[in-house]
Amino acid sequence: MDAQQSALFLFEEAMGFTYSAALRAAAELGVADHLAAGPRTTAELAAATGTGQDALYRILRLLAARDVVHEDEPGRFRLTARGDALRADAPMSARAGILMFTDRMFWTVSHEAATVARDEATTFEQLFGTTIGGYFAENADTEALFYDGMATVSEAENALVAGSYVFPPAGTVVDVGGGKGGFLRAVLRANPGLHGVLLDQEEHVLGHHLLDGGDIAGRWQVADGDFFDSVPAGDVYLIKRILHNWDDEKCVAILRNCRRAMKPDGRVLAVDAIVPAGNEAHQSKPMDFMMLAARTGRERTEAELHPLFEAAGLRLARVLPTASVMSIAEGVPR
């Protein structure tokens, strides 16, 4: 590739954010919901969404280039199978997750990547004038969107992850920082001999999903607590999308508390988007980029996880892939 072709390629890459912005616009406007019954013209969609016909057409034309919608004939669009989860009422709706990933908070953090690279001590507070907790306190809608979005992202992968590991036939599974308990519910449904404990702070478990599982009735309990202080006794500890939020020291503290409380043959399953070696495209890499200044954590490689487990008195026995972007890092007592 010569210099001219390199420049043209990079210009194309630099405009990649426009697709994310168009996807957000479609999610905000509810375009997919109006296409659920079948193809419609841009004029019909504009009337239904309260938008300008020309502007909406240009948004949809960009999304059609990525197979989210398809332009069957000039000015007439249908929702594709790939774009179906954009509907708010889809069985596994991605709408809240899309709005979360494209929220102004993440846009700002991503835009400031050069600032963070120049000074790795740059904090969320320096970028936004407040801590992330303070930001959420001042923007309740954003906080609700963040947790709703994370819940929908997790829901799409929970059963895939739960089915990728052979759990013991009996015992207690503790979901550490499990929020609404969607992952624990998936594990209990797949393993009828297990009992579950959902550990999180009270405000995070309100309206949890374990109440929705009639098939797991009587096999779970909720524990109000902070995983930095202690965790309940158990045989298997689930730590899903937790370690990536924290620096190494705090990760070791979480893992060490699990090691202290676990039964003799216990194990820890840290579920995160583990970054593969090499140059291959993997969702963990843009996720890690988003983490640069958003929080103190990061997505880690397998090699970066080993010393964290060792410092906590555990041995990283193996890393198992799943049918999602997530992998399972299994830690056992040393």
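Residues numbered from 1 in each chain as written. Predicted model: local features only at pLDDT ≥ 70, side-chain atom pairs only at ≥ 80, totals over all residues. Heavy atoms only, no water.

Draft legend 1. Inspection of the overall build of the protein chain at higher detail. The secondary structure content of the protein chain amounts to 16 helices and 10 strands. On C-alpha atoms alone, the protein chain measures out to a radius of gyration of 22 Å, which is about the 20 Å that the 2.2 N^0.38 rule sets for 334 residues. Taking the principal axes of its C-alpha atoms as reference, the protein chain extends roughly 65 × 50 × 40 Å. Residue burial in the protein chain is summarised as follows: out of 334 residues, 45% are buried. By sequence separation, contacts in the protein chain at least 24 residues apart represent 64% of the contacts at least 6 residues apart. (Helix = DSSP H or I, 4+ residues; strand = E, 2+ residues; numbered from the N terminus. Rg over C-alpha atoms; globule rule 2.2 N^0.38 Å. Buried < 20%, exposed > 50% of the residue type's maximum accessible area, 1.4 Å probe, protein only. Contact = heavy atoms within 4.5 Å.)

Draft legend 2. Spotlight on empty space enclosed by the protein. Summed over the entire model, instances satisfying the criterion amount to 2 cavities of 30 Å³ or more. Considered as a void within the structure, the largest cavity measures approximately 50 Å³ in volume. Grouping the constituent residues of the lining of the largest cavity by class yields 3 nonpolar, 1 polar and 4 charged. The computed volume of the second largest cavity comes to approximately 30 Å³. (1 Å grid on protein atoms, 1.4 Å probe; cavity = no way out; pocket = protein on both sides within 12 Å on 5 of 7 lines; lining within 4 Å. Points joined across faces, edges and corners; volume = space filled by probe spheres on them. Nonpolar A, V, L, I, M, F, W, Y, C, P; charged D, E, K, R; others polar.)

Draft legend 3. Representation of the sheet that holds strand β10 (residues 327-333). Spatial ordering of the open sheet is given by β6-β5-β4-β7-β8-β10-β9, a layout of 7 strands whose pairing is mixed. The sheet is open, and its two borders are formed by β6 (220-224) and β9 (314-321), each paired with just one other strand. Between one strand axis and the next, the sheet turns through 20 degrees on average, direction left out of account. Across 6 bridges, the pairing between strand β4 (residues 171-176) and strand β5 (residues 194-200) is parallel. (Pairing = 2+ DSSP bridges. Axes fitted to C-alpha atoms, helices over the stretch in contact; angles between N-to-C directions.)

Draft legend 4. A look at the state of the cysteines. On inspection of all chains with the given rule, the structure shows 0 disulfides. With no disulfide of its own, Cys-251 lies 11 Å from the sulfur of Cys-258, the closest cysteine sulfur. (Disulfide = S-S within 2.5 Å.)

Draft legend 5. Focus on the environment of His-111. By secondary structure assignment, the location of His-111 is in helix α7 (residues 104-111). Taking relative accessible area as the criterion, His-111 reaches 67% and is therefore assigned exposed. Spatially, the C-alpha atom of His-111 lies 24 Å from that of Glu-280, the residues being 169 residues apart in sequence.

Draft legend 6. How the structure looks around the pairing of strand β7 (residues 234-240). Of all 7 residues making up β7, 6 are buried, and the element is well covered by its neighbours. Sheet topology places β4 next to β7; 3 bridges connect them, and they run parallel. Its bridge partner lying in β7, Val-173 is registered against Val-236. Bridge analysis of β7 against strand β8 (residues 262-272) gives 6 bridges, and the strand direction is parallel. Across the sheet, residue Ile-239 finds its bridge partner in β8, namely Ala-270. For the crossover from β7 across helix α14 (residues 248-261) to β8, the handedness is right-handed. (Right-handed = clockwise from strand over helix to strand, strands pointing away.)

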